[in-house]
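# A look at the structure
The chain contents come next:
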Amino acid sequence: MCLSVQIRFFITLVFLLGTFSPQAKGKLFDVLDFGAVGDARTDDSKAFLDAWRSVCEATTTSGATIPTLQVPAGKTFLLKQVKFSGPCKSATVQIQMMGNIIAPISTDWTDCKSGCWLCFDHVDNLIISGTATINGNGAVWWQKSTHEKIGDCNKPAVLYFQSCNNLRVSGLTSHNSPLNHIGISGCKDVSISKINLIAPKDSPNTDGIDIANSKELDISDSFIGTGDDCIAINGGSSNIKITRLNCGPGHGISVGSLGKDGSNDMVQEVHVRNCTFNGTQNGARIKTWAGGLGFARSISYEDIILIGAGNPIFIDQHYCPRQNCPPEKQTAVKVSDITFSKFQGTSADNIAITLNCSSIVPCTNIKMNLVNITSLNPSSKVEAICNHADGTATFTAPVVPCLSSVQDVLIRREGQTQDGDQKPQYYEL
Ligand SMILES: *[C@@H]1O[C@H](CO)[C@@H](O)[C@H](O)[C@H]1NC(C)=O
Ligand SMILES: *[C@@H]1O[C@H](CO)[C@@H](O)[C@H](O)[C@H]1NC(C)=O
Ligand SMILES: *[C@@H]1O[C@H](CO)[C@@H](O)[C@H](O)[C@H]1NC(C)=O
Ligand SMILES: *[C@@H]1O[C@H](CO)[C@@H](O)[C@H](O)[C@H]1NC(C)=O
């Protein structure tokens, strides 16, 4: 009996030693071992940076643990601006965020080099996972204008990824970002899933995810409720998939704004599926400035649920949120091959569909199919407004005057004479 206990103890000891063998431990870099305190008051920035340097310097032999920066659960780490720079020596690096992260309040913002708080630069094959809550303490920034600073710090994005290829982010929650929660710029092959991005409805510029100059993105199974766009897709971006996102409050899932100050912006292959717009100011939106160049094309929104969404479908080629709007010029960002399919639910505005395109570069091949939008207010009706757009609508309510219904197209195809006074027949739902 006694012997068997000893044997069991021995086996357990061997097992424990095996689990925590120096090699394995050597790949796990706990910020506490680098001097982090995690009491939500002490500045732990240096500890995080030191731990990151070790992670980034670590090499992997095949089959061994991925070099991992560990942020342990049950603590809250106060960080100032921290820049996690690559490239790293190991093919893959990881951050396990179980403990929470909190931003300085007000005057404690110092030593900034760029407009981000947790900045990632040229780190390829990075995996960030965990159940941490990141609190950006944004309220102090929301009262300031875009270019107003605290100390030498610009209003920061919370998580900013610059030139990070093959990035995986999952599980995190971000609260009260000073500016956008997540920024993705110059990245290829990005997967973001199961995250929550939360800020008050009236907090300015708290976009959920801002994407620019990036390709091959997959964003899924997440909740974004903020004071600005849930997701904004800017110039130079393509092959973006957004699936099962619950958006609202917020300003919707937007392509753009594109073409500001005459810039040449290109966005294509954006596909939004199975998303909900709940109490958002806009839903599926494409916004371009007058006088720009480039295009927004091959974009689809499909299987969308609307719960009292404002402007559920909105293409605006005269985007200009403030004064000094540029006049129409000879150029505009071309909007084409846009599909809105299977929309169901309620609009908070009487105008449920707005296609306000440019007279010089009109929108072409806009397709609507199985769109059924009713008013949030049962006694009101919704309608659509159209300028300089063409395409087709099938089984779409409200009727979109500038799009041909299928029946109308069939009549034209069959070469029947069209009476100018006769209104085309639309499918009514
Ligand atoms: C979208 O939702 C529909 C209906 O609930 C479902 O059949 C389909 O599998 C979903 N697709 C995705 C990509 O989630
Ligand atoms: C819509 O938003 C409201 C207010 O935030 C919330 O109470 C409700 O549960 C949401 N509905 C869905 C289906 O997410
Ligand atoms: C369409 O754009 C024009 C030009 O900016 C603007 O005057 C008009 O109010 C817009 N219409 C709608 C319905 O948004
Ligand atoms: C359109 O939506 C309304 C309100 O939800 C619903 O009563 C109606 O049955 C729907 N029509 C179709 C064709 O789905």
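See the structure above.
In this report, we go over the structure that sits alongside the text. If you're wondering where the values come from, they're calculated on a predicted model, not measured in any experiment.

### Topic: the overall build of the protein chain
The helix and strand inventory of the protein chain stands at 5 helices and 31 strands. The proportion of buried residues among the 429 residues of the protein chain is 48%. Restricting the contact set of the protein chain to residue pairs at least 6 apart, pairs at least 24 apart contribute 74%.

### Section: the site of ligand 2
In the vicinity of ligand 2, the residues found are Asn246, Asn278 and Ile307. Within the side chain of asparagine 278, one N or O atom sits 2.4 Å away from an oxygen atom of ligand 2. Out of a free accessible area of 360 Å², ligand 2 has 29% covered by protein chains.

### Points about the environment of cysteine 320
Within the secondary structure, cysteine 320 is located in the loop between strand 25 (313–316) and strand 26 (334–347). With 33 residues separating them in the primary sequence, cysteine 320 and lysine 287 have C-alpha atoms 8.9 Å apart. Each residue touching cysteine 320, except ones within four places of it in the same chain, is listed here: Trp289, Cys325 and Pro326.

### Concerning the state of the cysteines
For the structure on display, the rule yields 7 disulfides. At a sulfur-sulfur separation of 2.1 Å, the disulfide partner of cysteine 56 is cysteine 88. What sets the handedness of the cysteine 56 and cysteine 88 disulfide is the S-S torsion sign, and at about -100° it is left-handed. With a gap of 32 residues between them, cysteine 56 in helix 3 (residues 45–57) and cysteine 88 in the loop between strand 5 (82–85) and strand 6 (93–97) connect regions that are remote in the sequence. One exposure class covers both cysteine 56 and cysteine 88, and it is buried. Between cysteine 116 and cysteine 119 runs a disulfide, and the two sulfur atoms are separated by 2.2 Å. Because the sign of the S-S torsion sets the handedness, a value of about 115° for the bond joining cysteine 116 and cysteine 119 places this disulfide among the right-handed ones. Looking at cysteine 187, it has no disulfide partner, and the nearest cysteine sulfur is the one in cysteine 164, 4.9 Å off. Relative accessible area serves as the criterion here: at 3%, cysteine 187 is assigned to the buried category. For cysteine 275, which is in no disulfide, the shortest distance to another cysteine sulfur is to cysteine 247 and amounts to 8.1 Å.

### Description of the site of ligand 3
Around ligand 3, the structure places His318, Asn356 and Ile385. Contacts to ligand 3 include histidine 318, whose side-chain N or O atom sits 3.3 Å from an oxygen atom. Protein chains bury 43% of the 360 Å² of accessible surface belonging to ligand 3 in isolation.

### Observations regarding the pairing of strand 6
For strand 6, a buried count of 4 out of 5 residues is recorded, marking the element as mostly surrounded by other parts of the structure. Bridge analysis of strand 3 (residues 68–71) against strand 6 gives 4 bridges, and the strand direction is parallel. Following the sheet pairing, valine 71 is matched in strand 6 by methionine 97. Two elements, strand 6 and strand 9 (residues 126–129), share 4 bridges in a ladder whose sense is parallel. Its bridge partner lying in strand 9, glutamine 96 is registered against serine 129.

Parameters at a glance
- Residues numbered from 1 in each chain as written.
- Chains lettered and ligands numbered in written order.
- Predicted model: local features only at pLDDT ≥ 70, side-chain atom pairs only at ≥ 80, totals over all residues.
- Heavy atoms only, no water.
- Helix = DSSP H or I, 4+ residues; strand = E, 2+ residues; numbered from the N terminus.
- Buried < 20%, exposed > 50% of the residue type's maximum accessible area, 1.4 Å probe, protein only.
- Contact = heavy atoms within 4.5 Å.
- Near = heavy atom within 4 Å.
- Polar contact = N/O pair within 3.5 Å; in protein donor to acceptor, adjacent residues only side chain to side chain.
- Areas by Shrake-Rupley, 256 points an atom, 1.4 Å probe, with all protein chains shown as cover.
- Disulfide = S-S within 2.5 Å.
- Pairing = 2+ DSSP bridges.

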